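Single-letter residue listing:
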Number of protein chains: 2
Amino acid sequence: MPEPVPELCRRIRQNELFSHLYMERQTTIKDIAVALRLSKSTVSRALRDAPDIKIETKKAVKALAEELDYQPNKLALSLLNRQTHTIGVIIPNLDYVLSTMVKGIDEVALEAGYTVMVCQSDESFGREIVNTKRLLESLVDGFIVSVSSETKVFEHIKKIQNKKIPLVLFDRVVNHISCPSVRLDNIAGGVLATQHLVDQGYKRIAILAGPENLNISNKRMEGYLQTLKLNGLRPDKRMIIHCDFNQQYAYEATKELLAMKQPPDAIFTISDRMAIGAMLAIKEKGLQMPDDIGLVGFNNEPVTSLVSPSISSVEMYAFEMGKATAKLFIEMLNSDDTMAHQEIVIKPKLFIRESSKRIITKKDRNNSA
Amino acid sequence: MPEPVPELCRRIRQNELFSHLYMERQTTIKDIAVALRLSKSTVSRALRDAPDIKIETKKAVKALAEELDYQPNKLALSLLNRQTHTIGVIIPNLDYVLSTMVKGIDEVALEAGYTVMVCQSDESFGREIVNTKRLLESLVDGFIVSVSSETKVFEHIKKIQNKKIPLVLFDRVVNHISCPSVRLDNIAGGVLATQHLVDQGYKRIAILAGPENLNISNKRMEGYLQTLKLNGLRPDKRMIIHCDFNQQYAYEATKELLAMKQPPDAIFTISDRMAIGAMLAIKEKGLQMPDDIGLVGFNNEPVTSLVSPSISSVEMYAFEMGKATAKLFIEMLNSDDTMAHQEIVIKPKLFIRESSKRIITKKDRNNSA
DNA sequence: TTGTAAGCGTTATCAT
DNA sequence: ATGATAACGCTTACAA
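The residue numbering used here restarts from 1 in each chain and proceeds along that chain's sequence as written. Here chains are named by letter from A upward and ligands by number from 1 upward, in the order in which they appear as written. Per-residue local features are limited, in this predicted model, to residues with pLDDT of at least 70; the limit for side-chain atom pairs, both in listing and counting, is 80 or more; totals at the level of whole chains, interfaces and linings are taken over all residues. Processing note: side-chain calculations cover all non-hydrogen atoms of the structure and skip hydrogens and water entirely.

Moving on, we get to the environment of Ser138 of chain A. Numbering of helices and strands starts at the N terminus; helices are DSSP runs of H or I of at least 4 residues and strands are runs of E of at least 2. For Ser138 of chain A, the position within the fold is in the loop between helix H7 (125–137) and strand S3 (142–145). Along the primary structure Ser138 of chain A and Val303 of chain A are separated by 165 residues, whereas in three dimensions their C-alpha atoms are 37 Å apart. By the convention used here, residues are in contact when the closest approach between their heavy atoms is within 4.5 Å. Not counting residues up to four positions away in its chain, the partners in contact with Ser138 of chain A are Thr84 and Met117 of chain A together with Lys74 and Thr115 of chain B.

This is the structure we're talking about:
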């Protein structure tokens, strides 16, 4: 009997400390060791098939482990290895695009043995900061972040970097932060949509852009502006509306657009939600798509092909983007190259549908959904 | 110099073990203790404002902690307290309803100091089991679960209960499992929708029900059947279609329904996605809502008021339900009553819109969105 | 082939 | 008012 008293103390303390917990105590290595009259280290090694353990011992240990449903305690491991095998994901919301991306991230992460902790900032800067702090406290192995539309200052992100914690930005990438990232070629998206409208003969093309400080909005708009100029069309400030990613705002903005003396004959909205808002306003006004007015959205959400008329939209491959992001993140984690600055850019594709197709060409036919 | 060698060993081991990690080592209590020539315990107590620590000491400790950006290591705490302050949430997908519910869960959990780990089973039984296992390994303090549509066997859920780990079921509640739960009064939902259609004078009311083994489908259908009988309408088997929660299936099912010799003059779909699928098929057939055919959906998703005609739908208060679920869970965690079997049932409300409103009554006017 | 002991970061108990 | 120690569950260098 080498140490009977400490053992007793342990039991007592446990009862005192943990009386409020009614969960069953998990089997530990020590339980197996005591039962088999072995030391903890032997059991540990046997479990992990160390070469220097007798085969019989291994068998006995494994058999008992199985019987007692032994599961290594992740907390202890994490404390020891300083790795939680957890990725903190911060996203602004859980709309169609983001939740599809999260699905992609999840899939890859799981396969690589990582668990994902998803926090929504709800497009709020304050909540994004809180989320960052919490995930930092949770000792996640790294961050995958898409910033909120309110976020204009990036100290919380820089804090992650200062702590040398792996970070990948996705979708809503930030210029001020230098780190690996995955994003859509948003300019190309704007170009695709706008050029298509120009090709269809629309002349006064308005854009419902998102919040002004959001890169994805500005890039899509940049594509829009470039395309107008390229086709000799003069951009008109009154045709450029900044509004929240929100069908309600889009609805109202469209109403105003249509009430102008020289209303637009086409609208490019940088999200499908906004496209639906716009569509509502257009229908209310009694205008026909695509004849009176053309409409192109962004994201290629399933709903675009379900409404009538179906809405042309720019596909951004959200699921693939999510997967690519997680892959990049995991590569980064496993590489020694601390500051591998890869930027993955996904190319969008336009799906042409009824809302904007007034000229039927071969090209359109190939492109259509 | 009481122990110079162990300290050295420590540094060496750290470098060996953790050279693959380039994260900065976090400040620990020990760092502060060494710097201030105090013991770990004193620092620990000072940090937590123990009454028996000298004020100067406290000040010094706190100042240094601040300066070094000290954060208590959650892993160590969790290991000690056997509490991770983490809730495992398993959901079948991230559609509008579920993501709204998750938002509600998140909000309450965060406030109570819990972090949420969300796993999607993607409506797959296999993935649900994997998720359960992973969250169990992650030592979550408890589970909040909504089962997949494929799940017909519940051993994995029972395993959670056998381990005496707190469990709350929500939305898709399972009869075979006895535990606290939060759900919609789905029968009432079915009744609301069906009675409304009857009141509007529809006679041949079809239902697009969900998967057969899903409780929420069956309950909504039960409400439908009850209401028909109550109004002296004979249920017709051909008017009852089981199909996946999916606009595509709903679209095809509706097409078949409309192709019948005696087609329905109203359709109740138990989700809005399905309602949109149905609507597509109806429009394709050239039928007018609400005159030729009535349509009522379920969930009251924003899209219902955005399509034309807008779709009547049963509101299930998803956000509130999520909040209620998390509250119940946390209550349960803090109560000694291990098996507090509360069942919270949320009452649905019908929002009447264009797709089914062919008689305008006072009551309708009050109810409409 | 196996056991011992130290350490990951923290707190509670007991001693000083 | 402060320190020493053991413990949470695990791994590993070193000793036997």
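Here the narrative resumes, following the displayed structure.
With that settled, consider the packing of aromatic side chains. Residue and element names in this part refer to chain A. In summary, the pairing rule links any two rings of Phe, Tyr or Trp, Trp by its six-membered ring, whose centres are within 6.5 Å, and it sorts them by plane angle into stacked for under 30 degrees, edge-to-face for over 60 and tilted for everything else. Per the counting criterion, the structure on display carries two aromatic pairs over all chains. Taking 6.2 Å as the distance between ring centres and 35° as the angle between the ring planes, the aromatic pair formed by Phe268 and Phe298 counts as tilted. In this pair, Phe268 is assigned in strand S8 (residues 266–269) and Phe298 in strand S9 (residues 294–299), connecting sequence segments 30 residues apart. Given a relative accessible area of 0%, Phe298 falls into the buried group. Partly exposed describes any residue whose relative accessible area lies between the buried limit of under 20% and the exposed limit of over 50%, with all areas from a 1.4 Å probe on protein chains only and scaled to the type maximum.

For the rest of this paragraph, the subject is the interface of chain A and chain B. The partner chain B presents 63 residues to the 63 residues of chain A that form the contact. The salt bridge definition used is simple: a Lys or Arg side-chain nitrogen within 4 Å of an Asp or Glu carboxyl oxygen. Taken together, the connections running from chain A to chain B amount to six salt bridges. A salt bridge links Lys163 of chain A to Asp69 of chain B; the shortest N-O distance between them is 3.0 Å. Nitrogen and oxygen atoms within 3.5 Å of one another constitute a polar contact, given that in protein one can donate a hydrogen and the other can accept it, and given that sequence-neighbouring residues count only through two side-chain atoms. Where chain A meets chain B, there are two residue pairs in polar contact (both at pLDDT 80 or more). Among the secondary structure elements, those contributing two or more residues to the side of chain A that touches chain B are helix H1 (4–18), helix H5 (74–81), helix H6 (96–111), strand S2 (115–120), H7, helix H8 (155–162) and helix H12 (272–284) of chain A. Sorting elements by how many residues they give to the side of chain A that touches chain B places H5 of chain A first, with seven residues. Amino acids outside the nonpolar list (Ala, Val, Leu, Ile, Met, Phe, Trp, Tyr, Cys, Pro) and the charged list (Asp, Glu, Lys, Arg) are all regarded as polar, and Gly is one of them. Residue composition of the side of chain A that touches chain B, grouped by class: 25 nonpolar, 21 polar and 17 charged.

Looking now at H12 of chain A. Residues and elements named next belong to chain A. A helix is expected to reach a length of 1.5 Å times the quantity of its residues less one. Its 13 residues give H12 an end-to-end C-alpha distance of 18 Å, which sits within 8% of 18 Å, the value for a rise of 1.5 Å per residue. Of all 13 residues making up H12, 10 are buried, and the element is well covered by its neighbours. Buried within H12 are the following residues: Asp272, Met274, Ala275, Ile276, Gly277, Ala278, Met279, Leu280, Ala281 and Ile282. At its buried positions, H12 is contacted by strand S6 (205–209), helix H11 (247–258), S8, S9 and strand S10 (312–315). By the N-cap criterion, in which a side-chain oxygen at the helix start approaches the backbone nitrogen of a residue two or three places on, H12 is capped by Ser271, the distance to Arg273 being 3.4 Å. Phi turns positive one or two residues past the end of H12, at Gly286, with a value near 80°.

Within the secondary structure layout, Asp106 of chain A lies in helix H6. One buried charged side chain, Asp106 of chain A, makes no salt bridge at all; its nearest oppositely charged neighbour is Arg127 of chain B, positioned 4.1 Å away. Counting rule for charge: Lys and Arg are taken as positive, Asp and Glu as negative, and neither His nor the chain ends is counted.

Our superposition of the copies is a least-squares fit, built on the C-alpha atoms of residues whose pLDDT is at least 70 in both. Mapping chain A onto chain B calls for a rotation angle of 180° and an axial translation of 0.1 Å; the resulting RMSD is 0.1 Å. As the rotation angle and translation indicate, the two copies are arranged about a two-fold axis. Distance from the rotation axis, computed per C-alpha, reaches its smallest value in chain A at Met117 of chain A: 2.6 Å. Looking at chain A, 100% of its interface residues are interface residues in chain B too, so the copies touch through the same face.

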